[in-house]
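Chain by chain, the residues:
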Amino acid sequence: HIEQYNYRVKRLTVDNLDSRSSDVRTTKVLIIGSGIAGLEAARLLQQNGVETIVLEARNRTGGRVWSIRSKNNLMLDMGARYIHGQYGSIPSGLLTNPVWDLTRSANISICFGEPHDFLGTYPLYYSNILVQKWYDEYMLFVREETRMSSSNISFADYVNLFAQKKHFNEKQRSTLYNFAYFTIADREGTELESISAKGYLDRSSVFYGEEPVICDTDFMAITDYLAKNLTNIQFGEIVTKIDYNKNLVKVSTKNGQIYQAEFVLITVPLGVLKSKQIEFNPQLPQWKLDAIDRIGFGYYEKIYLLWDQVWWNTTDYYFFQSASKSINLRYWITANKWNGKPFITCFFAGKAVSSLTWKQNKNETVKDILDTLQKMFPNIKITPPTEIYMSNWNEDPFSYGSYSYISVNQKYEDPFRLSEPINNRLLFAGEATNTDTYGYTHGALLSARREELIMHIIFHIFLIIMIFINVIGCQDASSSRNSSCTRIGRNHFYHERSIGLMGNGYQLPNTMIEHLMTIGLFIVFYMALYQLWSNSISMPSNEDYINMLTNDIEEENCGQFVSGFWLSRYYHYDRFYEPYQFSLLFNSQTREVNGNGVDDIGKFVVNGIYSINTNRLAIIKTYREETENSTENFGHNITIQVAWNSNQYHFEGKWFIKTRNYSGDGRIELKFEKSFRAMA
Ligand SMILES: Cc1cc2nc3c(=O)[nH]c(=O)nc-3n(C[C@H](O)[C@H](O)[C@H](O)COP(=O)(O)OP(=O)(O)OC[C@H]3O[C@@H](n4cnc5c(N)ncnc54)[C@H](O)[C@@H]3O)c2cc1C
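Residues numbered from 1 in each chain as written. Predicted model: local features only at pLDDT ≥ 70, side-chain atom pairs only at ≥ 80, totals over all residues. Heavy atoms only, no water.

With respect to the packing of helix H4 (residues 128-147) against helix H6 (residues 170-188)
Put simply, the rule reads: For helices, the fitted line uses only the C-alpha atoms of the stretch in contact; every axis is such a line through C-alpha atoms, and the angle between N-to-C directions lies from 0 to 180 degrees. Under the DSSP-based scheme used, a helix requires at least four consecutive residues in state H or I and a strand at least two consecutive residues in state E, with every element numbered from the N terminus. Relative orientations are named as follows: roughly parallel for angles under 35 degrees, roughly antiparallel for angles over 145 degrees, roughly perpendicular for angles from 65 to 115 degrees, and oblique for any other angle. Residue contacts are counted whenever heavy atoms from the two residues lie within 4.5 Å of one another. Think of it as three bins: nonpolar holds Ala, Val, Leu, Ile, Met, Phe, Trp, Tyr, Cys and Pro, charged holds Asp, Glu, Lys and Arg, and polar takes everything else, Gly as well.
With their axes 10 Å apart at the nearest point, H4 and H6 run at an angle of 75° to one another. One element, H4, and the other, H6, form an angle in the roughly perpendicular class. Residues Val131, Gln132, Trp134, Tyr135, Tyr138 and Met139 of H4 lie in contact with H6, whose contacting residues are Gln172, Thr175, Leu176, Phe179, Ala180, Thr183 and Ile184. Along the lines of polarity and charge, the residues of the contact of H4 with H6 split into nine nonpolar, four polar and no charged.

Shown next as structure tokens:
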């Protein structure tokens, strides 16, 4: 077997990639990994008739979405469990969490946690209220410091700087440190020392989880739904080598199987890429290797403790959040009040996982948890759990960690680099390649949609080029009275297909269809041009607007815009409509502003730009159809262009609407309401 494997691998060099053999399986798109990203990409490609094979190392789908059954048939999510966002709504430019949408399509029942549904305390020397106040002040301090700074400074360094500024003693400093740890670092699966504060605050995903939404069933119901109609998943196929050139990719697996494809979508976790278990030939470019190296990949593990019946007498969701005496053993505990199931989940992150304390001495870890619980419930005699289950993502060779975070070593462009295709043949998806929603299932899902779209564009560019070549070839031929016009064109087209540019999913059009499509393309092109022209006549473009300099801008009035909740009121039909709250997040490096909210027309998302220099903001509100007011909500866009008014201490300017049936404009004001509360 080994000989056969070596033989196959030896044959596989870039020079002879095209050599075909009966034991090489060919397909148009090969997807490596059947986590949520791989499954979604496979599902979309299959829907579009593109031939696809999924290679999965494990003998199951789901990847880091993995649920097991206890002896009593309790469903325990060892990986993802929460669908983050407020009732499915996420303030990052997308109205709803797409995973939430999936649960609705799949008829999966979901339950809601309340944001303040929290029993217990941090083991702090000071009252929670006081520490929360320090923390809020600390976050404002970090936000201000990072806004104009370009250096990567960790949250831990900012704790020290803030403590110095406030003349904190060591006890106060370490209390704030612990609080910040649990609020920020724990969820990222790492330490405060490792996270770039600027990177974290500039990326929108960090503000998601104000109100996690929890499934009533296991999370795998979602990945099972995605996998439902996929017939092309090869289990137990551990990819060991990827050979590629400008035309083709060949993938070798540990079983000695070789696959050949026009495109390969790599969705393996960042931990696997870091481990260099997969050999690339030629080696990945240095910029890609640097990105893989610098982006952080955290550790986050769960322990489930099960009893025969619920013994706790509280209905709160979160039991307790604890920083134990030992820095290496910190955890927090939750229980599920909705289904009344008798288990408690404990979470360990960062050093607590890598130090291995908890794994090396499972009994001691469990005893520590039980002692903590006993202190919380002094009147109940807590018996040892009947079953214990622990995850081990950290050592799992198909994960090597939990999910990505923004490390202090990271460069701004690294996540973009990670997702960048190579030769337009190797494409990358998965949680870590999502620049906004890294670390989450919805990040993985959206990355798959992004890559599927890229593939689609690549396919169609080829299709359009082919049509033009064919039409021009045809016209040349007919002008020279070459009666074999159609045949020549077609033969040329077939030839291109046979060398692999066109795939099985796309049918060869005949000459008539090609002509019609050409005319259609011209019509679409002119309509797009007309649309652009007509949209630009009544207002400046958003880019032009924010760059307009006015004489009266004083330096202290620059950069008034901050991320947070804003109130807007707009003037229409001779009156102001109420202030409506919406969230806006500002990325100072890209100047982008994203957010969402709801007003009397409907739910909307916001995308736009802001200039610190001119203090001007230009955003586009896009309504989501079928929300709120069905007679006025057409899923239309509203452009809002506002400038800072230092007397009123708010932004003001104009809104513009241009739809097929209506165009209009009016006044609008935007006032800052409050900053985002840190995740509870
Ligand atoms: C403990 C924990 C808790 C979490 N909690 C949440 C949560 O509550 N909410 C949330 O939204 N997100 C959560 N996440 C994050 C979420 O699980 C991930 O972001 C998401 O599942 C990643 O999906 P993916 O498709 O990018 O990668 P994966 O799911 O890891 O899929 C990659 C696939 O590639 C396969 N693979 C790896 N190596 C090879 C190879 N050499 N050859 C072939 N196949 C290979 C793997 O087996 C896997 O199936 C959590 C993660 C962990 C670990």
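Focus: helix H13 (residues 362-376)
Basically, it comes down to this: What a helix should span is 1.5 Å times the count of its residues minus one. Exposed residues in this analysis have more than 50% of their type's maximum accessible area, buried residues have under 20%, and partly exposed residues fall in between, with area computed by a 1.4 Å probe over protein chains only.
Its 15 residues place the ends of H13 21 Å apart at the C-alpha level, agreeing with the 21 Å of an ideal helix rising 1.5 Å per residue. Residues Thr365, Val366, Asp368, Ile369, Leu370, Thr372, Leu373 and Met376 constitute the buried set of H13.

Overview of the sheet that holds strand S26 (residues 637-645)
Strands in a sheet are paired, the pairing made by backbone hydrogen bonds, and the direction either parallel or antiparallel. Stated precisely, the cut-off is as follows: In short, DSSP must find at least two bridges between two strands for them to pair.
The eight strands are arranged S21-S22-S23-S24-S25-S26-S27-S28 in a closed barrel whose pairing can be described as antiparallel. Recorded for the sheet is a direction-independent mean angle of 30° between the axes of neighbouring strands. Where S26 and strand S27 (residues 650-658) come together, eight bridges link them in antiparallel fashion. Note that in S27 the partner of asparagine 645 across the bridge is histidine 650.

Concerning the pattern of salt bridges
In plain terms, the rule: Put simply, a salt bridge is a Lys or Arg side-chain nitrogen that is within 4 Å of an Asp or Glu carboxyl oxygen.
Counted under the stated rule, the structure contains 20 salt bridges. Arginine 104 serves as the salt-bridge partner of aspartate 101, at 2.8 Å between the closest nitrogen and oxygen. Taken as a pair, aspartate 101 and arginine 104 lie in helix H3 (residues 98-105) at a separation of three residues, close to a single helical turn. For arginine 104, a relative accessible area of 44% puts it in the partly exposed group. Here arginine 591 ties to glutamate 543 by a salt bridge, and the two come within 2.7 Å at their closest N and O atoms. In this pair, arginine 591 is assigned in the loop between strand S22 (575-587) and strand S23 (592-598) and glutamate 543 in helix H18 (residues 542-547), connecting sequence segments 48 residues apart.

Details of unusual backbone geometry
Residues other than glycine predominantly adopt negative phi, and peptide bonds predominantly adopt the trans conformation. That bond from asparagine 281 to proline 282 is cis: its omega, 0°, falls within 30 degrees of zero. As for its placement among the helices and strands, proline 282 is situated in the loop between strand S12 (279-281) and helix H10 (286-294). Its identity as a non-glycine residue notwithstanding, histidine 167 has a phi of 55°, on the positive side. Residue classification places histidine 167 among the exposed residues on the basis of a relative accessible area of 71%.

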